[in-house]
Amino acid sequence: MKVILNKDVKSLGEEGDVKIVANGYMRNYLFPRGLAIPYNDATVALFESRKAEIEARKEQKRKDSAGMKEKLEALQLVAEMPAGANGKLYGAVTTLTIADLLLKNGFEIERKRIDIPGVTIKNTGNYRIAIKLYEAQSATVELHVKAQGTADTSAEAVKADKSKAAAEAQVLEEKKA
């Protein structure tokens, strides 16, 4: 059956779109919730009168999406995950992990809109994550995955460990004496 969407429906389309749907979907889901109305001359005339209002809302969504794209592309996310010495993660960085990181940075984005190359990330390193925005727009976010809780093997850490060991050995000698 042919319907005109009264509101945005995630899996179907946006307000004002004309769609052909199954009778049961229309009768049991769309009509009772007020998400769509039947396609006929009267409803077409109604939506023609509201066309400017609907287009203004769509344009506002496009502007908001463009602003969010700029903010997201300027953002660099850092995920600290437990990993082995070779850089292989004990778990994986998934869309849920990235959605949580984005939420901590003030962006509420659905997991379905996050696209990770290769479905999950299982090694430390730098990655580029695609986030789908409104219509065909998408943003690319830099993600740095680093090991958490592993020993720091930098030269400064080695020096600090040696001096700490020497201090402990000196304390033990003083106790013996």
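Residues numbered from 1 in each chain as written. Predicted model: local features only at pLDDT ≥ 70, side-chain atom pairs only at ≥ 80, totals over all residues. Heavy atoms only, no water.

(A) Layout of the pairing of strand β1 (residues 2-5). With three bridges joining them, β1 and strand β2 (residues 18-20) adopt antiparallel strand pairing. Paired with Lys-2 across the two strands is Ile-20, which belongs to β2. Pairing of β1 with strand β3 (residues 36-38) involves three bridges; the strand directions are antiparallel. Paired with Leu-5 across the two strands is Ala-36, which belongs to β3. (Pairing = 2+ DSSP bridges. Helix = DSSP H or I, 4+ residues; strand = E, 2+ residues; numbered from the N terminus.)

(B) Seen up close, the side chain of Glu-14. Tracing the backbone through its elements, the reader meets Glu-14 in the loop between β1 and β2. Here Glu-14 falls in the buried class, since its relative accessible area comes to 18%. Looking at Glu-14, its side chain comes within polar contact range of the side chain of Tyr-134, at 2.6 Å. Excluding its chain neighbours within four sequence positions, the residues that come into contact with Glu-14 are Leu-5, Lys-7, Asp-8, Lys-58 and Tyr-134. (Buried < 20%, exposed > 50% of the residue type's maximum accessible area, 1.4 Å probe, protein only. Polar contact = N/O pair within 3.5 Å; in protein donor to acceptor, adjacent residues only side chain to side chain. Contact = heavy atoms within 4.5 Å.)

(C) View of helix α3 (residues 51-74). For α3, which comprises 24 residues, the first-to-last C-alpha distance of 35 Å matches the rise-based estimate of 34 Å (1.5 Å per residue) to within 8%. Of the positions making up α3, those classed as buried are Ile-54, Lys-58, Ser-65 and Leu-72. Buried residues along α3 sit against α2 (41-49), α4 (95-104), β8 (125-132) and β9 (138-148). (Expected span 1.5 Å × (residues − 1).)

(D) Summary view of the side chain of Thr-95. Following the sequence through the fold, Thr-95 ends up in helix α4. Engagement of the side chain of Thr-95 in a polar contact is seen with the side chain of Arg-111, the distance being 3.4 Å. When sequence neighbours within four positions are dropped, the list of residues in contact with Thr-95 reads Arg-111, Ile-114 and Ile-116.

(E) Representation of the layout of surface pockets within the structure. Taken as a whole, the largest pocket spans an internal volume of roughly 550 Å³. Lining the largest pocket are 15 residues, with Lys-10, Glu-110, Arg-113, Leu-133 and Tyr-134 positioned closest to its centre. Its residues assigned to classes, the lining of the largest pocket comprises four nonpolar, two polar and nine charged. When its volume is computed, the second largest pocket comes out at roughly 180 Å³. If you trace the second largest pocket, you find 13 residues lining it, with Gly-16, Phe-47, Glu-48, Lys-51 and Ile-54 closest to the centre. Residue assignment for the lining of the second largest pocket shows that the elements contributing at least two residues are α2 and α3. (1 Å grid on protein atoms, 1.4 Å probe; cavity = no way out; pocket = protein on both sides within 12 Å on 5 of 7 lines; lining within 4 Å. Points joined across faces, edges and corners; volume = space filled by probe spheres on them. Nonpolar A, V, L, I, M, F, W, Y, C, P; charged D, E, K, R; others polar.)

(F) The arrangement of the sheet that holds strand β6 (residues 114-115) in detail. Pairing in this open sheet of four strands is mixed, and the strands run β4-β9-β8-β6 from one edge to the other. Both outer strands of the open sheet, β4 (76-82) and β6, are each paired with one neighbouring strand and no more. Two strands pair when backbone bridges link them, and β8 and β9 are joined in this way by eight bridges, in the antiparallel orientation. The residue of β9 that forms the bridge with Ile-129 is Val-141. Contacting β4, β6, β8 and β9, α4 crosses the sheet at an angle of about 130 degrees to β4. (Axes fitted to C-alpha atoms, helices over the stretch in contact; angles between N-to-C directions.)

(G) Structural view of the nonpolar core. Residues Leu-72, Ile-98, Leu-102, Ile-114 and Leu-143 are the most contacted members of the largest nonpolar core, which totals 24 residues. For this core, the elements supplying multiple residues, two or more each, are β4, β5 (88-93), α4, β8 and β9. Excluding anything up to four places from it in sequence, Leu-102 contacts Leu-72, Leu-75, Leu-77, Phe-107, Ile-109, Ile-114 and Ile-131. Counting residues in hydrophobic clusters, the runner-up holds eight residues, among them Leu-5, Val-9, Leu-30 and Ala-36. (Core = buried A, V, L, I, M, F, W, Y, C linked by side-chain atoms within 4.5 Å.)

(H) How the structure looks around the pattern of salt bridges. By the definition in use, this model includes nine salt bridges. A salt bridge links Glu-14 to Lys-58; the nearest nitrogen and oxygen atoms lie 3.7 Å apart. Here Lys-58 lies in helix α3 and Glu-14 lies in the loop between β1 and β2, a separation of 44 residues in the sequence. Just as Glu-14 is buried, Lys-58 falls in that class too. Two residues, Lys-58 and Asp-17, come together in a salt bridge whose shortest N-O distance is 3.7 Å. Note that Lys-58 is positioned in helix α3 and Asp-17 in the loop between β1 and β2, a separation of 41 residues in sequence. Lys-58 sits in the buried class, given a relative accessible area of 13%. When salt bridges with common partners are traced through the structure, they connect Glu-15, Arg-50, Glu-53 and Arg-57 into a single cluster. (Salt bridge = Lys/Arg side-chain N within 4 Å of Asp/Glu carboxyl O.)

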